[in-house]
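# Residue-level structure breakdown
This is what each chain is made of:
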Amino acid sequence: MKTKQLWICSAIALASSAAHAQSSVTLFGVADLGVQYTKGGGNGSVRALSNGGLSTSRIGFRGTEDLGGGLRAGFWLEGSLNPDSGTGRASNTNNQTTGATTAGPLTFDRMSFVSLSHEQFGEVRLGRDFIPTHYNSIYFDPFNANGVARAGNLTFAGVGTGPLPTAITGSNTVSYWLPGKLGGLYGMAMAGTGENASTAENSDDGNFAGARLGFASGPFDVAAAVTRSHFSTTAAIGNYTHANIGGTWDAGFAKFFALYNRVTVKLAAGSVRKNTAEIGAHMPAGEVGRIRLSYAYLDDRSDAGLRTAGGLARSGDDARQLGAGYVHNLSKRTAIYGNYARISNNGEARYVVSGGAAPAGGRSSSGWEFGVRHIF
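Residues numbered from 1 in each chain as written. Predicted model: local features only at pLDDT ≥ 70, side-chain atom pairs only at ≥ 80, totals over all residues. Heavy atoms only, no water.

## What to know about the overall build of the chain
Inclusion rule: Runs of H or I in DSSP of at least four residues are treated as helices and runs of E of at least two as strands, each being numbered from the N terminus. Throughout, exposure labels follow a simple rule: accessible area from a 1.4 Å probe, protein chains only, divided by the maximum for the residue type, with under 20% read as buried, over 50% as exposed, and the rest as partly exposed. Note on areas: Shrake-Rupley with a 1.4 Å probe; residue coverage comes only from the protein chains shown.
The helix and strand inventory of the chain stands at three helices and 18 strands. For the chain, the proportion of its 376 residues judged to be buried stands at 42%. Of the roughly 18,100 Å² that the chain leaves accessible, carbon and sulfur atoms contribute 60%.

## A few points about the nonpolar core
Put simply, the test is: What we call a nonpolar core is a set of buried Ala, Val, Leu, Ile, Met, Phe, Trp, Tyr and Cys residues that are connected through their side-chain atoms within 4.5 Å. The criterion used for residue contact is that any of the two residues' heavy atoms lie within 4.5 Å.
Counting 12 residues, the largest nonpolar core is built from Phe143, Val148, Ala149, Leu154, Ala296, Leu298, Ala319, Ala341, Ile343, Ala349, Tyr351 and Val353. Counting residues per element, the ones that place at least two in this core are strand 15 (289-300) and strand 17 (334-345). Beyond its immediate stretch of four places on either side in the chain, Ala319 contacts Leu154, Ala296, Tyr297, Leu298, Ile343, Ser344, Asn345, Asn346 and Tyr351. In this structure, Phe113, Ile131, Met188 and Met190 belong to the second largest nonpolar core, which totals nine residues.

## Remarks on the side chain of Asn244
Defined as follows: Any pair of nitrogen or oxygen atoms within 3.5 Å is treated as a polar contact; in protein, a donor-acceptor pairing is required on top of that, and neighbouring residues in sequence qualify only through side-chain atoms on both sides.
Inspection of the secondary structure assignment puts Asn244 in strand 12 (residues 237-250). Of the residues examined, Asn244 reaches a relative accessible area of 4% and is grouped as buried. Of note is the side chain of Asn244, whose polar atom sits 2.9 Å from the backbone oxygen of Thr133. There is a polar contact of 2.9 Å between the side chain of Asn244 and the side chain of Asn136. In this structure, Asn244 is in contact with Thr133, Asn136, Ser137, Ala223, Ala224, Ala225, Leu259, Tyr260 and Asn261, ignoring residues within four places of it in sequence.

## Here's the deal with the pattern of salt bridges
Any two side chains of opposite charge can pair, given that their charged atoms come close. Applied cut-off: Between Lys or Arg on one side and Asp or Glu on the other, a salt bridge is scored when a side-chain nitrogen of the former is within 4 Å of a carboxyl oxygen of the latter.
Inspection of every chain in the model, using the stated rule, returns seven salt bridges. In this structure, Arg125 and Glu123 form a salt bridge, with 3.3 Å as the shortest nitrogen-oxygen distance. In this pair, the class of Arg125 matches that of Glu123, namely buried. Shared partners join several salt bridges into a network, and the residues in it are Arg58, Glu78 and Arg110.

## Here we look at the confidence of the model for the chain
Defined as follows: Confidence scores per residue from the predictor, reported as pLDDT, run from 0 to 100.
Chain-level statistics for the chain give a pLDDT mean of 88 and a share of 88% at 70 or above. Overall, residues 1-21 carries pLDDT values under 50, and its contacts beyond four positions in sequence, including any with other chains, amount to zero contacts.

## Re unusual backbone geometry
Positioned with a positive phi, Ala145 is a non-glycine residue whose angle comes to about 60°. Considering the arrangement of structural elements, one finds Ala145 in the loop between helix 2 (132-140) and helix 3 (152-155).

## Describing the pairing of strand 2 (residues 45-51)
Quick reminder of the rule: When DSSP finds two or more bridges between a pair of strands, those strands are recorded as paired.
Sheet topology places strand 1 (residues 23-40) next to strand 2; seven bridges connect them, and they run antiparallel. Its bridge partner lying in strand 2, Gly34 is registered against Ser50. Where strand 1 hands over to strand 2, the hairpin turn is made up of four residues, of which Gly42 adopts a positive phi near 85°.

## Topic: helix 2
Extensive coverage of helix 2 is indicated by the burial of seven of its nine residues. Restricting attention to buried positions, one finds in helix 2 the residues Pro132, Thr133, His134, Tyr135, Asn136, Ser137 and Phe140.

## Some details on the environment of Gly289
Structurally, the position occupied by Gly289 is in strand 15. Relative accessible area serves as the criterion here: at 10%, Gly289 is assigned to the buried category. In this view, Gly289 contacts Met283, Pro284, Tyr326, Val327 and His328; residues no more than four positions away in its chain are not counted.

## Concerning the environment of Leu49
Looking at where Leu49 falls in the secondary structure, it is placed in strand 2. For Leu49, a relative accessible area of 45% translates into the label partly exposed. In this structure Leu49 touches Gly34, Val35 and Asp84, once residues within four positions along its chain are discounted.

## Quick look at the environment of Ser229
Take Ser229: it is sitting in strand 11 (residues 220-232). Its relative accessible area of 4% is what places Ser229 among the buried residues. Residues Ser229 and Gly206, 23 residues apart in the sequence, show an inter-C-alpha distance of 6.7 Å. At 2.6 Å, the side chain of Ser229 and the side chain of Thr166 are in polar contact.

## Re the packing of aromatic side chains
Which entries qualify depends on this criterion: Under the pairing criterion, centres of Phe, Tyr and Trp rings, with the six-membered ring standing for Trp, must be within 6.5 Å; the plane angle then separates stacked pairs below 30 degrees from edge-to-face pairs above 60, leaving the rest tilted. The rule for a charge over a ring is simple: NZ of Lys or CZ of Arg within 6 Å of the ring centre, and within 35 degrees of the ring normal.
Applying the stated criterion across every chain yields a total of 10 aromatic pairs. Where Tyr135 meets Tyr139, the ring centres are 6.5 Å apart and the plane angle is 20°; that geometry is what we call stacked. Here Tyr135 pairs with Tyr139, and both are found in helix 2, just four residues apart, close to one helical turn. On the basis of an interplanar angle of 70° and a centroid distance of 5.9 Å, the ring pair of Phe253 and Phe256 is categorised as edge-to-face. On the basis of relative accessibility, which here comes to 59%, the residue Phe253 falls in the exposed class. Judged by its relative accessible area of 30%, Phe256 is partly exposed. Taken together, the ring pairs in this structure connect Phe130, Tyr135, Tyr139 and Trp177 into an aromatic cluster. Across from the ring centre of Phe28, 4.3 Å away, lies the NZ or CZ of Arg62, which sits over that ring. Directly above the ring of Trp177 sits Arg125, whose terminal nitrogen or CZ lies 4.0 Å from the centroid.

## As for the pairing of strand 8 (residues 169-177)
Bridge count between strand 7 (residues 122-130) and strand 8: seven bridges; the pairing is antiparallel. From the neighbouring strand, Glu123 faces strand 8, where its bridge partner is Trp177. The sheet contact formed by strand 8 and strand 9 (residues 185-192) spans five bridges and is antiparallel. Across the sheet, residue Val174 finds its bridge partner in strand 9, namely Ala191.

Set out below in structure tokens:
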């Protein structure tokens with residue numbers, strides 16, 4: 001009997017050890033700060049300590065557990081940081097302007113989900129995540145949607161009187177991701193809800209859905225995405241639709257980027273329609289350096305008569321942006337960098353480089369930043 005009990009206890013101990021060995025939790029993050037100077041034509045200049053000029057400052061926890069048979073459970077908790085002030089960043093509870101938080105203690109505003117995945121059947125995520133179109137913005141913008149030269153300076157500005165909660169991330173989402181072994185094909189579909197009562201006057205407020213489909217093979221990578229949100233505020237009632245397509249080609253001597261965005265927002269006063277095209281490149285500079293270049297053009301096709309108040313542009317208020325940067329890797333985890341951007345505004349447009357003061361109508365906006373990024 002004692003021998004049998006000893007055998008059972010040993011088996012349980014071995015099983016527990018195996019289960020523990022199959023689980024993992026990782027702490028990770030980025031700290032990225034720099035000095036920045038921006039100038040808005042007719043409205044002065046700003047000197048600041050910039051955050052996230054190369055990569056978004058963040059801290060996170062992720063983990064997986066092997067459940068056997070190719071099935072894995074996982075979680076991801078990732079929050080943006082403001083290392084210059086020691087605060088976290090705002091999040092949103094219901095994809096509505098009423099659900100926005102203010103900067104304060106750490107919030108997991110970037111990613112906050114639990115998942116089940118299978119090597120043959122793909123992955124299901126439940127929680128907060130980037131929307132499909134923003135994944136294209138990250139991968140196909142030469143500046144990876146960061147810093148003074150990011151494409152988002154033109155894509156998201158002037159589309160309403162307040163920030164669009166689902167322009168980058170979405171809360172209360174369910175998403176499905178294709179498995180990785182499909183011969184280069186990849187993609188995902190996502191739906192989110194504002195969690196309103198069915199009897200509410202604006203029961204669809206904060207609901208959205210989107211999808212992304214791409215193909216990567218050798219030096220080529222191309223993907224298209226679309227996200228459509230319903231929102232209702234005192235200033236706008238209708239739908240926000242963002243569609244984009246982008247790609248990269250690694251030619252060896254340089255990696256080329258292309259990204260096209262189309263944003264439409266229905267407002268009480270009319271419709272905002274903005275088309276943005278961007279091209280760019282990464283070119284190696286020695287063994288540890290990289291030059292980054294971009295050119296973006298905004299074609300504003302908004303309804304005539306929209307006021308410039310609240311950041312709205314009028315039809316014909318187009319803009320062009322030039323971006324240049326250099327990254328020097330001191331190690332695999334630490335890099336120093338410099339970026340420069342200049343936006344030329346037409347008509348009464350007031351587009352501004354990230355972190356800068358908005359220029360007077362039709363005046364230019366420019367800025368530079370030098371910083372250090374450390375990955376841990």
